[in-house]
Amino acid sequence: MKISVIVPVFNEEKYISATLDSIINQNFDDYEVIVVDDGSSDNTLKIVEDKFLNSSIPHKIIHQKNSGVSMARNRGIEESTGEYIVFVDGDDYILTNHLSQLYNPEYDFSLIQMVKKENDCLSDVHVYEADEIDCIDFIKQELEMKIPFNFVQLSFKSDIIKNNNLKYRHDISYGEDTDFALRALFYGNKIKISNEITYYYLQHHESLINTSKLKRFDYISVLEDLAEFFRENNRPDLVQLINESRIPKAIFGNMNYFFYNDYDYDEVIEKMKEMDLFNKLSNFKGDKKFSFKIKLFLFNPKLYYIMWKKFKNSI
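Computed from a predicted model, the values in this text were never measured in an experiment.

### Thoughts on helix 3 (residues 69-79)
Listed as buried for helix 3 are Ser70, Ala72, Arg73, Asn74, Gly76 and Ile77. Where helix 3 is buried, its residues touch strand 1 (3-9), strand 2 (31-38), strand 3 (59-64), strand 4 (84-87), helix 6 (158-163) and helix 7 (176-186).

Okay, here's the thing in structure tokens:
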């Protein structure tokens, strides 16, 4: 089997039919579909079973008690037999050339372009000038936030995942996908790049609610664990990028997200103090404009908040 497509689902009855149609109707041969139902309480499992009744695509339908999306993806990895692994979420869809763009057997990873779709609005796409990139260079660009990136854009060589016992963390609810992808990329050589847009990430009310939590700050501890991973693997340059760039940007970006969505100021600040995020913010080294914003906030958080609410992203 060339590719295993892993689809974790949980109460996706509104979307899963279209998602599976897009996976089944690929212009690509020799792939399997592994659907892991994570204890759905609606009609998701029935829809999935019916969808494959008249399909010749090799598939596995696994039903497990509700354990979270990470455990569902990990179960899919265990059941996979493909040379490469591709992930598709149960409320998104892919174009017919998605797998053909992602199958490049001379590379450890391949990458396509993804757009976020909310109603009729589409996000911008980062266009790459080269058709391949070293994995370490890609990791550096991600840590510097020079590129937008989502793990579903990649095909992963199965041997890299299984030989290094890589799994999605199930003890966290935010950032586990980026953590998994960056660890996997660390063990690879090169990424084949296509600027074809083949993945559509659908943003809807339910998905926005699921990410609107102070738990977004938990991503900081994920990054710190990732820094320790790079330290253990003798890459102090990547550790430095995490501590001096990625962590401060993640703190500041999530903080402003909370302000934008009218979270209680005192609650946000208290959480930041609890996690020692003020000190971690002060470690930033880089762009002078961004550095000025951080210094303004650290000098007087309440004043920054008042100004930010008045002028939004202009400061």
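### Structural notes on the UniProt feature "domain: Glycosyltransferase 2-like" (unreviewed entry) in the protein chain
Under the feature "domain: Glycosyltransferase 2-like" (unreviewed entry), the UniProt entry names residues 4-104. For the annotated span residues 4-104, helix accounts for 33% and strand for 26% of the residues, and the straight-line distance between the end C-alpha atoms is 14 Å.

### Section: the pattern of salt bridges
According to the stated counting rule, one finds 21 salt bridges in the structure shown. One salt bridge connects Asp171 with Arg169, and the closest N-O pair in it is separated by 3.0 Å. Residue classification places Asp171 among the exposed residues on the basis of a relative accessible area of 56%. For the salt bridge of Glu228 with Arg231, the shortest nitrogen-to-oxygen distance reads 2.6 Å. Placement of the pair is Glu228 and Arg231 together in helix 9 (residues 219-232), with a separation of three residues, close to one helical turn.

### Here's the deal with a negative patch on the surface
Judged by side-chain charge, Asp264, Asp266, Glu267 and Glu270 come together as a negatively charged surface patch. Take Glu270: it is sitting in helix 11 (residues 265-274). On the basis of relative accessible area, Glu270 is assigned to the partly exposed category, the value being 49%.

The rules we used
Residues numbered from 1 in each chain as written. Predicted model: local features only at pLDDT ≥ 70, side-chain atom pairs only at ≥ 80, totals over all residues. Heavy atoms only, no water. Buried < 20%, exposed > 50% of the residue type's maximum accessible area, 1.4 Å probe, protein only. Helix = DSSP H or I, 4+ residues; strand = E, 2+ residues; numbered from the N terminus. Contact = heavy atoms within 4.5 Å. UniProt positions renumbered as here; feature names shortened; annotations may be inferred. Salt bridge = Lys/Arg side-chain N within 4 Å of Asp/Glu carboxyl O. Patch = residues over 30% accessible without salt bridge, like charges linked within 9 Å, V, L, I, M, F, W, Y side chains within 5 Å. Areas by Shrake-Rupley, 256 points an atom, 1.4 Å probe, with all protein chains shown as cover. Lys, Arg positive; Asp, Glu negative; His and termini not counted. Charge placed at Lys NZ, Arg CZ, Asp CG, Glu CD.

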